[in-house]
Amino acid sequence: MLAWRGQASSLFGKGKNVLPPELIIQDELHLISGPLGTFVGLYEGVIELLCTRKDGTKPKIVGSTATIRRAGDQCKALYNRETFQFPPPGIDSSDSYFAKENNNTPGRIYMGVFPTASPSFVTALVRTASSVLQGVKTIDLPEGADESVRDPYWTLVEYFNSLRELGRALTLLQADIPEYMWVVASRLKLPKEKVRNLYSIEELTSRKSAQEIPEILETLSFSWPFEKESKKRPIDALLATNMFSVGVDVDRLGLMSIVGQPKSTSEYIQSSSRVGRSKDAPGLVIVMYNPGKPRDRSHFEQFRTYHSALYRYVEPTSVTPYSIPVMERALHSLLVIIGRHIAGWKDPADADFDSPEVNTALSAIVDRCKAIDPDHLEILEERFEDLKKRWLTAGFDTWGTLGNPDKYRLPLMYPAGSSELSDWNSNSWATPSSMRFVDTECEAEVIHIYPV
């Protein structure tokens with residue numbers, strides 16, 4: 001939003017007698033990779049300029065992650081910095097200064113299910129989920145234990161790799177799984193009070209609004225047993241996608257089913273480590289492998305080897321901030337940010353690309369590209385020259401707006417993903433306003449007659 005909001009200059013002390021930010025903390029560093037990391041890396045070049053003091057002092061950057069490989073290469077591409085690991089490796093692998101292994105806690109158990117004898121993978125999903133959901137209520141408690149012992153395994157978290165698979169499982173939880181739970185109860189000749197019913201089924205995905213997600217996370221903390229007067233009934237089943245793998249810290253969760261091997265090992269580690277965090281109860285992660293998928297079969301065949309050294313299989317990250325596609329989509333944003341927040345232009349007509357501030361900033365971006373990706377240096381310089389000529393010759397009237405445009409004024413920018421007006425003659429720039437949608441979209445049209 002730096003290209004869109006002139007007021008953002010105050011965040012960096014521009015126009016005020018205050019220092020710019022001195023410390024940048026990037027949590028979950030492993031997520032800043034791929035298309036998102038590429039976008040972030042491009043913008044970080046100008047962010048560093050905005051955070052640099054007049055004497056040339058740059059901000060300190062601290063990145064935090066538990067699952068990463070080739071962190072030095074990633075940080076070089078993102079921040080153009082050399083990496084120092086803290087704390088450095090010590091003489092004892094079980095003691096890393098801020099975390100120590102505790103062999104007295106139960107930990108987490110992984111179990112792989114490869115249902116080759118099942119009529120279908122869906123049948124295996126139904127029978128496995130039914131067994132664990134009903135089994136929590138069926139099992140007899142140790143002598144002297146109360147109902148709270150069941151709590152870590154009362155909520156089943158089902159993790160999926162796509163919304164399509166999740167939608168099918170939601171139907172199973174509403175019909176097939178409750179029906180098969182009755183079959184299990186009948187087979188065991190359980191009394192009616194021992195038969196479990198599913199009252200609360202939730203999902204934690206991108207389909208939920210920003211208001212609903214905190215409510216679901218709060219409900220996850222409700223434990224079994226519950227007082228009926230309080231109406232704090234715990235969730236019976238939670239369906240989740242990769243949103244669950246970051247920032248969900250609910251100690252009571254101890255049971256998870258992962259449907260299909262996740263796309264990356266870091267995602268697998270992050271998601272499965274959300275259960276079994278309590279020191280009082282071990283976590284159980286059931287990985288459902290689809291016999292029809294070669295990748296699932298391969299992981300099941302190497303199950304013990306893979307899980308004995310999970311962190312060895314974490315994939316290296318990829319960040320290419322000066323690749324041609326990202327420069328085509330967002331390089332002009334850097335030019336706008338430099339003009340609005342470093343040179344202090346109030347209007348596009350104030351553009352002066354010969355000013356010392358602009359030349360110094362553009363030279364810093366070029367030097368950064370030379371250090372990170374010298375192969376694209378010439379393309380970067382050519383694109384900057386083309387953008388400056390286009391800016392000066394088009395005669396823009398306004399920066400642009402995220403709302404409805406003024407059709408009588410030619411804007412420098414319009415929101416990426418929206419349609420530009422024909423009166424603009426393709427002069428305005430489609431400019432990103434969010435890091436959430438970095439992948440391009442395409443339109444599909446159904447035709448009835450195949451063109452010859």
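Every chain's residues receive numbers from 1 upward, in the order its sequence appears when written. Totals for whole chains, interfaces and linings use every residue, but because this is a predicted model, local features are given only for residues with pLDDT of at least 70 and side-chain atom pairs only at 80 or more, for both listing and counting. Each side-chain value is derived from all of the structure's non-hydrogen atoms; neither hydrogens nor water enter the calculation.

Engineer: Lay out the overall build of the protein with the relevant residues and their values.
Structural biologist: Secondary structure elements are taken from DSSP: a helix is a run of H or I of four residues or more, a strand is a run of E of two residues or more, and numbering for both begins at the N terminus. Helix and strand content of the protein: 12 helices and 10 strands. In what follows, residue pairs with any heavy atoms lying within 4.5 Å of each other are defined as contacts. A fraction of 74% describes how many contacts in the protein between residues 6 or more apart in sequence connect residues 24 or more apart. In the protein, the 51 positive side-chain charges and the 58 negative ones have mean positions that sit 4 Å from each other. We treat Lys and Arg as the positive residues and Asp and Glu as the negative residues; His and chain ends play no part in the count. Positions of charges follow a simple convention, taking NZ of Lys, CZ of Arg, CG of Asp or CD of Glu.

Engineer: Requested: an account of the pairing of strand β4 (residues 156–160), with residues and values cited.
Structural biologist: The element β4 is largely enclosed, with a buried count of five among its five residues. Note on exposure labels: buried denotes an accessible area under 20% of the residue type's maximum, exposed denotes more than 50%, and partly exposed covers the range between, all computed with a 1.4 Å probe on protein chains only. Of the two faces of β4, both are covered, the one formed by L156, E158 and F160 as well as the one formed by V157 and Y159. DSSP calls a pair of strands paired once it identifies at least 2 bridges connecting them. Of the strand pairs in this sheet, β4 and strand β6 (residues 237–240) are connected by four bridges, and their pairing is parallel. From the neighbouring strand, V157 faces β6, where its bridge partner is L238. Of the strand pairs in this sheet, β4 and strand β7 (residues 255–259) are connected by five bridges, and their pairing is parallel. By the bridge assignment for β7, V157 is matched with M256.

Engineer: I'd like to hear about the layout of surface pockets, residue by residue, with values.
Structural biologist: Residues are called lining when one of their atoms sits within 4 Å of a cavity or pocket point, these points coming from a 1 Å grid over the protein atoms alone, where a cavity is a set in which a 1.4 Å probe fits but cannot get out and a pocket is an open set with protein on both sides within 12 Å along at least five of seven lines. Grid points are joined across faces, edges and corners, and a volume is the space filled by probe spheres set on the points. As a volume, the largest pocket reaches approximately 2,100 Å³. What lines the largest pocket is a set of 50 residues, among which T65, A66, T67, F98 and Y311 lie closest to the centre. Looking at the lining of the largest pocket, the elements that each hand over two or more residues are β2 (60–64), α2 (71–79), β3 (108–113), α7 (265–272) and α9 (303–308). Per-element accounting of the lining of the largest pocket gives the leading share, five residues, to β2. Roughly 1,500 Å³ of volume is contained in the second largest pocket. Contributing to the lining of the second largest pocket are 39 residues, with L31, L36, N242, M243 and S245 lying nearest its centre. Elements represented by at least two residues in the lining of the second largest pocket include exactly β1 (23–27), α1 (34–51) and α7. Looking at the lining of the second largest pocket, the element that brings in the most residues is α7, giving three residues. Three classes are used, and their members are as follows: Ala, Val, Leu, Ile, Met, Phe, Trp, Tyr, Cys and Pro are nonpolar, Asp, Glu, Lys and Arg are charged, and the others, Gly among them, are polar. Its residues assigned to classes, the lining of the second largest pocket comprises 16 nonpolar, 14 polar and nine charged.

Engineer: Requested: an account of the pattern of salt bridges, with residues and values cited.
Structural biologist: Put simply, a salt bridge is a Lys or Arg side-chain nitrogen that is within 4 Å of an Asp or Glu carboxyl oxygen. Applying the stated rule across the entire model yields 15 salt bridges. Taking the shortest distance from any N to any O, the salt bridge between R81 and E48 comes out at 3.1 Å. With a gap of 33 residues between them, R81 in the loop between α2 and β3 and E48 in helix α1 connect regions that are remote in the sequence. Among the residues examined, R81 registers a relative accessible area of 21% and is labelled partly exposed. Through salt bridges with shared partners, a single network forms among E48, K58, R81 and R368.

Engineer: Tell me what's going on with the sheet that holds strand β5 (residues 201–204), and back it up with residues and numbers.
Structural biologist: The strand order across the open sheet built from six strands is β3-β8-β7-β4-β6-β5, with neighbouring strands paired in parallel fashion. In this open sheet, the two edge strands, each paired with only one partner strand, are β3 and β5. Here the strands of the sheet are splayed against their neighbours by 20 degrees on average, with no regard to which way each runs. Pairing geometry for β3 and strand β8 (residues 283–288), over six bridges, is parallel. The residue bridging Y110 from the neighbouring strand is V285, located in β8. Lines are fitted to the C-alpha atoms to define the axes, a helix being fitted only along its stretch in contact, and any angle between axes, read from their N-to-C directions, falls within 0 to 180 degrees. Most of the contacts of helix α6 (residues 212–220) go to β5, to which it runs at about 125 degrees, and overall it touches β5 and β6.

Engineer: Describe in detail the nonpolar core, supporting the description with residues and values.
Structural biologist: In these notes, a set of buried Ala, Val, Leu, Ile, Met, Phe, Trp, Tyr and Cys residues joined through side-chain atoms within 4.5 Å is what counts as a nonpolar core. Counting residues in each nonpolar core, the largest one holds 55 residues, and the members touching the most others are L331, V336, L380, W391 and L412. Within the residue set of this core, elements represented by two or more residues are α1, α2, α10 (324–342), α11 (356–372), α12 (377–394) and β9 (413–415). Beyond its immediate sequence surroundings of up to four residues, L380 is in contact with Y322, M327, L331, I365, V366 and C369. Formed by 26 residues, the second largest nonpolar core is a distinct cluster that contains L204, I235, A240 and F303.

Engineer: A description of the side chain of K388 should follow, citing residues and the corresponding values.
Structural biologist: Along the chain, the position of K388 falls in helix α12. Taking the relative accessible area as the measure of exposure, K388 reaches 13% and is therefore buried. Beyond its immediate sequence surroundings of up to four residues, K388 is in contact with L335, F353 and L362.

Engineer: Give me the lowdown on a nonpolar patch on the surface, citing residues and values where you can.
Structural biologist: Surface patches are defined over residues having more than 30% relative accessible area and no salt bridge, joining like charges when they lie within 9 Å and nonpolar side chains (Val, Leu, Ile, Met, Phe, Trp, Tyr) when within 5 Å. The Shrake-Rupley method, run with a 1.4 Å probe sphere, supplies the accessible areas, and residue values consider only the shown protein chains as cover. On the surface, F84, F86, Y97 and F98 cluster together into a nonpolar patch covering about 620 Å² of accessible area. Within the secondary structure layout, F84 lies in the loop between α2 and β3.

Engineer: Mind laying out the packing of α10 against α12, listing which residues take part and the relevant values?
Structural biologist: Working note: a packed helix pair is described by the angle between its axes plus the distance between those axes. Orientation of α10 relative to α12, taken along the N-to-C sense of each, is 50 degrees, at an axis distance of 10 Å. Put simply, α10 runs oblique to α12. Crossing of α10 over α12 shows right-handed handedness. Here I324, M327, E328, L331, H332, L335 and V336 of α10 come into contact with α12, specifically with I379, L380, R383, F384, L387, K388 and W391. When describing relative orientation, an angle under 35 degrees is termed roughly parallel and one over 145 degrees roughly antiparallel, while 65 to 115 degrees is termed roughly perpendicular and anything else oblique. Crossings are classed by handedness, with left-handed meaning an anticlockwise turn of the near helix from the far one by less than a right angle and right-handed meaning a clockwise turn.

Engineer: Go over α7 with me, naming the residues and quoting the values.
Structural biologist: Taken across its eight residues, α7 has eight buried, putting it largely inside the fold. Within α7, burial applies to T265, S266, E267, Y268, I269, Q270, S271 and S272. The inward-facing, buried residues of α7 contact β3, β4, β7, β8 and α9.

Engineer: Go over the packing of α2 against α11 with me, naming the residues and quoting the values.
Structural biologist: Relative to each other, α2 and α11 sit at 160 degrees, their axes nearing to 9 Å. By the angle between their directions, the pair α2 and α11 is classed as roughly antiparallel. Relative to α11, α2 is oriented so that their crossing is left-handed. Contacts from K76, A77, L78 and Y79 of α2 reach α11 at R368, A371 and I372. Broken down by class, the residue content of the contact of α2 with α11 amounts to five nonpolar, no polar and two charged.

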